[in-house]
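# Structural description and commentary
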Amino acid sequence: MKAEAAEIERKHEVLREEIEDAASTVGMLWPVHSFVTSNPLSGLEDRSFHEAVERAEELFGANGYPDSKTLEKAWREGRIQPEVLERKTSEHGYEHIDGTPKEKFETLLDRVEQRGDTSLDQPREWDEVDAVITKWLSVFLDQGRAEWDMPSRQKGFYDAWREVAGYDPEVPDAASSELPDYPLEAVADVVSNLSPQRRRDVFESQFASLPGWASFIRWRVKRGDGWQSEMPVTLPGYMAVRLALVDAFDAPPVPEGWEGSKATEGVPPEGVLTETWEESYRESLVEAVSSEADKEDEEGGDPLAKMVFCIDTRSEIIRRHIEDAGPYETHGFAGFFGVPIRYEGYDDKVSVDAHPPILESRHHVENQPCGHDHSHAKEEHDRWSKLAKTAGGVLKKLKTNATTPFALVEKGGLGYGLAMATRTVAPDRLYAAARSVSGHVPDENDFCEPTVDANGDESEDGLPYGMTLEEKVRYAESAFESMGWDSFPRLVVFVGHGSHTTNNPFDSSLDCGACAANPGGPNARVFASICNDDEVRAELAQRGFGIPDDTLFVAAEHNTTTDEITIYDSDVPESHQDDIEKLRSDLAEAREGAAEERADSLGADGTEGRREVERRAADWAETQPEWGLAGNASFVVGPRRLTEDLDLDGRAFLHSYDWENDPDGDALEGILLGPMVVTQWINSQYYFASVDNSAYGSGSKVTQNPVGNVGVYQGNGGDVMSGLPSESLYASYEEPYHQPLRISVVVHAPAENVVSILKENKAVASLVENGWLNISVVDPQRGNEVVTSLLKQQTASV
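In what follows, the accompanying structure is described. (Residues numbered from 1 in each chain as written. Predicted model: local features only at pLDDT ≥ 70, side-chain atom pairs only at ≥ 80, totals over all residues. Heavy atoms only, no water.)

Secondary structure summary: the protein contains 28 helices and 19 strands in total. Here the C-alpha radius of gyration of the protein, 28 Å, is about what a compact globule of 798 residues would show, namely 28 Å. Taken as a whole, the protein presents about 35,600 Å² of accessible surface, with 48% of it coming from carbon and sulfur. The average position of the 74 basic charges and that of the 147 acidic charges among the side chains of the protein differ by 3 Å. (Helix = DSSP H or I, 4+ residues; strand = E, 2+ residues; numbered from the N terminus. Rg over C-alpha atoms; globule rule 2.2 N^0.38 Å. Areas by Shrake-Rupley, 256 points an atom, 1.4 Å probe, with all protein chains shown as cover. Lys, Arg positive; Asp, Glu negative; His and termini not counted. Charge placed at Lys NZ, Arg CZ, Asp CG, Glu CD.)

Before going further, it helps to examine helix 20 (residues 521-532). Quick reminder: α-helices carry 3.6 residues per turn. Residues three or four places apart thus point the same way. The end-to-end C-alpha distance of helix 20, which contains twelve residues, comes to 16 Å, matching closely the 16 Å that a straight helix rising 1.5 Å per residue would cover. Considered for burial, the residues of helix 20 that qualify are Gly521, Pro522, Asn523, Ala524, Arg525, Val526, Phe527, Ala528, Ile530 and Cys531. (Expected span 1.5 Å × (residues − 1). Buried < 20%, exposed > 50% of the residue type's maximum accessible area, 1.4 Å probe, protein only.)

Glancing now at a negative patch on the surface. A cluster of acidic residues, Glu296, Asp297, Glu298, Glu644 and Asp645, forms a negative patch at the surface. You can see Glu298 is positioned in the loop between helix 14 (269-294) and strand 1 (305-309). (Patch = residues over 30% accessible without salt bridge, like charges linked within 9 Å, V, L, I, M, F, W, Y side chains within 5 Å. Salt bridge = Lys/Arg side-chain N within 4 Å of Asp/Glu carboxyl O.)

Let us now look at the packing of helix 27 (residues 751-760) against helix 28 (residues 762-769). Taken N-terminus to C-terminus, the directions of helix 27 and helix 28 make an angle of 110 degrees; their axes are 5 Å apart at the nearest point. In this view, helix 27 runs roughly perpendicular relative to helix 28, as classed from their interaxial angle. Along its contact with helix 27, which presents Leu758, Lys759 and Glu760, the element helix 28 presents Lys762, Val764, Ala765 and Val768. A breakdown of the residues in the contact of helix 27 with helix 28 according to their chemical character gives four nonpolar, no polar and three charged. (Axes fitted to C-alpha atoms, helices over the stretch in contact; angles between N-to-C directions. Parallel < 35°, antiparallel > 145°, perpendicular 65-115°, else oblique. Contact = heavy atoms within 4.5 Å. Nonpolar A, V, L, I, M, F, W, Y, C, P; charged D, E, K, R; others polar.)

Right, let's talk about the packing of aromatic side chains for a bit. Each aromatic ring pair is specified by the distance between its two centres and by the angle formed by the two planes. Summed over all chains, the structure comprises 26 aromatic pairs. Pairing Phe140 with Phe157 gives two aromatic rings, centres 5.4 Å apart and planes at 70 degrees, and the pair type is edge-to-face. One end of the pair, Phe140, is in helix 6 (residues 127-140); the other, Phe157, is in helix 7 (residues 157-164), and 17 residues separate them in sequence. For Phe140, a relative accessible area of 0% gives the class buried. (Phe/Tyr/Trp six-rings, centres within 6.5 Å; stacked < 30°, edge-to-face > 60°.)

In this section: the sheet that holds strand 4 (residues 352-354). Within a sheet, neighbouring strands are paired by backbone hydrogen bonds and run either parallel or antiparallel to one another. An order of 4-3-5-6 is seen for the four strands of this open sheet, with the pairing classed as mixed. Edge positions in the sheet fall to strand 4 and strand 6 (448-450), since each has one partner strand and no second. Going across the sheet, the axis of each strand differs from the next one's by a mean of 30 degrees, ignoring polarity. Of the pairings in the sheet, the one linking strand 5 (residues 363-369) to strand 6 comprises three bridges and is antiparallel in character. What sits directly across from Pro369, in strand 6, is Cys448. Against the sheet, helix 20 engages strand 3 (341-344), strand 4, strand 5 and strand 6, with an angle of about 75 degrees to strand 6. (Pairing = 2+ DSSP bridges.)

What follows deals with helix 19 (residues 469-483). Compared with an ideal rise of 1.5 Å per residue, which puts 15 residues at 21 Å, helix 19 spans 22 Å between its outermost C-alpha atoms and is within 8% of the ideal. Taken as a whole, helix 19 has its buried residues at Glu471, Lys472, Val473, Tyr475, Ala476, Glu477, Ala479, Phe480, Ser482 and Met483. Positive backbone phi, approximately 75 degrees, marks Gly484, located one or two places after helix 19.

In terms of nonpolar packing, the biggest core is built from 129 residues, with Phe207, Leu245, Val747 and Ile775 touching the most fellow members. The dominant element in this core, judged by the number of residues it contributes, is helix 25 (residues 675-691), at ten residues. Contacts of Ile775, omitting those with residues within four sequence positions, involve Met676, Val745, Val747, Val754, Leu758, Val768, Val787, Thr788 and Leu790. Met467, Ala476, Phe488 and Phe545 belong to the second largest nonpolar core, which has 33 residues in total. (Core = buried A, V, L, I, M, F, W, Y, C linked by side-chain atoms within 4.5 Å.)

Let's shift gears to the pattern of salt bridges. Taken as a whole and judged by the stated rule, the model has 60 salt bridges. With a shortest N-O distance of 3.5 Å, Glu13 and Arg16 are connected by a salt bridge. Taken as a pair, Glu13 and Arg16 lie in helix 1 (residues 2-23) at a separation of three residues, close to a single helical turn. Residue class for Arg16 comes out partly exposed when judged on its relative accessible area of 30%. The shortest N-O distance in the salt bridge between Asp159 and Arg162 comes to 3.3 Å. Remark: Arg162 and Asp159 occur in helix 7; sequence separation between them is three residues, near one turn of the helix. By relative accessible area, which is 23% here, Arg162 ends up partly exposed. Through salt bridges with shared partners, a single ionic network connects Arg87, Lys88, Glu91, Glu275, Glu278, Glu279, Arg282, Glu283 and Arg742.

This part is about the packing of helix 15 (residues 313-325) against helix 22 (residues 577-601). Their axes nearest at 8 Å, the elements helix 15 and helix 22 cross at an angle of 135 degrees. Taken together, the axes of helix 15 and helix 22 lie oblique to each other. Along this stretch, helix 15 crosses helix 22, giving a crossing that reads as right-handed. On helix 22, the residues that touch Arg314, Ile317, Ile318, Arg320, His321, Ile322 and Ala325 of helix 15 are Asp586, Leu587, Glu589, Ala590, Arg591, Gly593, Ala594, Glu597 and Arg598. When the residues that make up the contact of helix 15 with helix 22 are grouped by side-chain class, the tally is seven nonpolar, two polar and seven charged. (Left-handed = near helix turned anticlockwise from the far one by under 90°.)

By secondary structure assignment, the location of Ile341 is in strand 3. A residue is classified by how much of its surface remains accessible, and Ile341, at 0% relative accessible area, is buried. A sequence separation of 19 residues divides Ile341 from Glu360, and the C-alpha atoms of the two residues are 8.5 Å apart. Apart from the residues lying within four places of it in its own chain, the contact partners of Ile341 are Val352, Asp353, Ala354, His355, Ser361, His363, Val365, Met467, Asn523 and Val526.

Examined against the element boundaries, Ser459 turns out to sit in the loop between strand 6 and helix 19. Other than its neighbours up to four places away in sequence, Ser459 contacts His364 and Tyr465.

Read across the sheet, five strands follow the order 2-1-7-8-9 without closing on themselves; strand pairing throughout is mixed. Looking along the sheet, the strands with just one partner apiece sit at the ends: strand 2 (328-332) and strand 9 (564-568). Across the sheet, the axes of successive neighbouring strands diverge by a mean angle of 25 degrees, strand direction being ignored.

Bridge count between strand 3 and strand 4: three bridges; the pairing is antiparallel. When the bridges of strand 4 are listed, Arg342 appears paired with Asp353. As paired strands, strand 3 and strand 5 are joined by four bridges and run parallel to one another. Residue pairing across strands places Arg342 opposite His364, the latter belonging to strand 5.

Along the polypeptide, Asp173 turns up in helix 8 (residues 173-177). Along the backbone, Asp173 and Phe203 are 30 residues apart, and their C-alpha atoms lie at a distance of 24 Å.

All right, on to the pairing of strand 7 (residues 491-498) then. Buried residues dominate strand 7, accounting for eight of its eight residues. Both faces of strand 7 are covered, namely the face carrying Leu491, Val493, Val495 and His497 and the face carrying Val492, Phe494, Gly496 and Gly498. In terms of strand pairing, strand 1 meets strand 7 through four bridges, oriented parallel. Each residue of the ladder has a partner; that of Phe309, found in strand 7, is Val495. Relative to strand 8 (residues 552-559), strand 7 runs parallel, the two sharing eight bridges. By the bridge assignment, Phe494 is partnered in strand 8 with Ala555.

What follows is the structure, encoded as structure tokens:
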């Protein structure tokens, strides 16, 4: 009996591994309230880009390349260079096409049009299955939005569904009444007689039927957050319910005509044209950067301040305008400033991981009141906060109670009507009024400070509170080394970033990606606090970073929707008040220029810049409050002098780096393993959501409906949509704004250092080798020669 039980357990474990392996094909989907822009094909990154696109077409019926109209427009606008097209057609076996580059382009474009829409119709055999299971997934996975909870959620999805399915008239009786106690037993009952490959086909096709919900379940299982702890869902449990419904509806476990992964038949014509477009952009960028590297480094005077922004593409715009407004140095660094914290605000009920998802939290930091000097501000804040929460709670109960909504509308209809009219007709005035009111109510940052010092205790999540002295010194030292700093002016400002939009389920997608789709202001305040610590500065002095006594580190937050920068100056000493006021004045000037540029990119009147962006921030009917990271195409790693005279049009992630301060390449390794991977995630999300928004995006905001604080539907049900809305990518219905190009990375460093890092880090090298990103090196030790083909034994120059 023991041997038999052990054998059953072994088979179940094999099934579990097969299910989890098959689920990797659908990637992971973060909830919409903390929407992390990631590669929807992350589970296929072990294949070449073109093979992954072809496999995704088989799995999800999705297009993976720009359509013929987008490619034709790129050619017409000169974005596809003829000489690059000559190389690419030869490289991919299209050298038999005769004619001039234009004629070759037209021939390839004709083939793209002849191929037409390469997306495939999804199988219809499971329509009934999908309709039932999506209904129950939406109520089980709800994160606090529903007023009435699904019963027995604490037992887990499989057991809870078994209990309630019998009351659902759409579920055949056999689906739930005959299920065994454990989900893997239920799966085994269906697939035990199938070959391993056929089981793989079953699991992959079932996950691919609802890739949105499946990828969200994958995220929740991996994340293991409070919702998962209290109301667990597992991949075997989900698969067991699906297969039970498939069997009950007498549907096939694998769709008719389903085929496993096939060998790719070369790069299709649209893939060749896309590569040509990418390389044309990359060559232009690399030539511009290498030309700047050849210039003599001009010695300037001391800056009024050094300002460190997130590497986010939107920072590139405001940085240019700040540098034009006065003698300021701007730098780029990952917006979590290298400190992986789990952060809990003063008014927050839960903590958030405020760092890239590829890292684990190492410290728990809370924003806590900082003493009697600010007691009045705290009292005033608490009073207004309590009033707002009470009023909001009462209003919510009146709106959601079964009996009160009608009376609420009857009594308060006029007030609601006036409020709606104001929000619709004059959103910019509403924004100004709201700003005026908030200016009289103390913000929590006026009387709180982050708890950065370790106290020996651990939080409920098992993380230590704060940081030790050595940890703080290491974080500061790492940042200063990476950016190549050897001098410090009177003012150093760390600028996080967030956004401000209204009635926007995807608002978190506009916040800081390096902070896991959270505002970056708290991270900036934590890092400024570390650098202002006297003990930290004393230790740094012994390591070669002599920070003058009059240098003050200050935190700020950049609102990327309006380009306003808020300086957290509640504790700025009198000695630096004039510096802060000068900075604030220059930031206001820079904001005007940046806002004009943003308004113009949104198709509005640039001369109405500030007013226009404020209107978009407050307008509840505005589907395009800002472009976010649309247009992103490159990641430049090097000193600011390489890009400060270039207008990169808000398309480049910029990370400051000085190779001469990093002889062993440790700082560069951190950049390539961290920020570079995050930029590739972001770039891939924008790429795929733009080439097929119905499969990889979420369609129009106009027809979206939020579900369970988890995601959005198109319409009133079905699969949860997995990516960015079309308005984040398209200027109009048929006019794309985002140019779908894979990210081009340009690194200013010795090529040998980059090669060494790639050889030691196979996962990152695989992204390069498989074509998910491209790295070009401008080598200062070779006269700023451009080096590519970094993974080959002999590096080749372009």
